[in-house]
Amino acid sequence: MPYKIILKRKAIKSLQSISEPYYSNIKVAIYNLADDPRPPGCKKLKGKTGYRIRVASYRVIYHIFDDELRVHVINIGHRKDIYED
């Protein structure tokens, strides 16, 4: 059964500011989380809760709720800026 993807407001705003072709690639990667929330290459964050996936130079930070079958995408950004929150 696929997971439900929920994008937080901050993630939507960040995604809208990203140019092509990265925008499309990130959207595809996020939609793929519905079928496999822990794809090859994902990493658990250290010092924070959540996971991250890489899409070129960008990172998608998200939380997985297995009991509710939900993935909450928290933030999206360039690798040099994403961990400063």
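These figures come from a predicted structure and were not determined experimentally. Every residue gets a number counted from 1 within its own chain, in the order that chain's sequence is written. For this predicted model, a pLDDT threshold of at least 70 governs which residues receive local features, and a threshold of 80 or more governs which side-chain atom pairs are given and counted, while totals over whole chains, interfaces and linings are taken from all residues. Just so you know, side-chain values use all the structure's heavy atoms and leave hydrogens and water out.

Caption draft 1: Representation of the packing of aromatic side chains within the structure. Each pair of aromatic rings taken from Phe, Tyr and Trp, with Trp reduced to its six-membered ring, is defined by centres within 6.5 Å and is described as stacked if the planes are under 30 degrees apart, edge-to-face if over 60, and tilted in the remaining cases. For the structure on display, the rule yields two aromatic pairs. For the ring pair Tyr-22 and Tyr-58, a centre distance of 5.3 Å and an interplane angle of 50 degrees mean the geometry is tilted. Here Tyr-22 is found in helix α2 (residues 22-32), whereas its partner Tyr-58 is found in strand β4 (residues 58-65), with 36 residues between them in sequence. Consider the rings of Tyr-51 and Tyr-62, whose centres lie 6.1 Å apart with planes at 25 degrees: the pair is stacked. One end of the pair, Tyr-51, is in strand β3 (residues 51-55); the other, Tyr-62, is in strand β4, and eleven residues separate them in sequence. Across the pair, exposure class does not vary: Tyr-51 and Tyr-62 are buried alike. A helix here means a DSSP run of H or I that spans at least four residues, while a strand means a run of E at least two residues long, and both kinds are numbered starting from the N terminus. A simple rule labels every residue: compare its accessible area, found with a 1.4 Å probe on the protein chains alone, to the largest value its type can have, and call it buried under 20%, exposed over 50%, or partly exposed in between.

Caption draft 2: Spatial organisation of α2. All of the buried residues in α2 are Ile-26, Ala-29 and Ile-30. One face of α2 carries all of its buried residues, which in axial projection span an arc of 100 degrees. In this analysis, two residues are considered to be in contact whenever any of their non-hydrogen atoms come within 4.5 Å of each other. Buried residues along α2 sit against β1 (4-7), α1 (9-16), β3, β4 and β5 (70-78). In this description, the arc belongs to the directions extending from the helix axis to the C-beta atoms.

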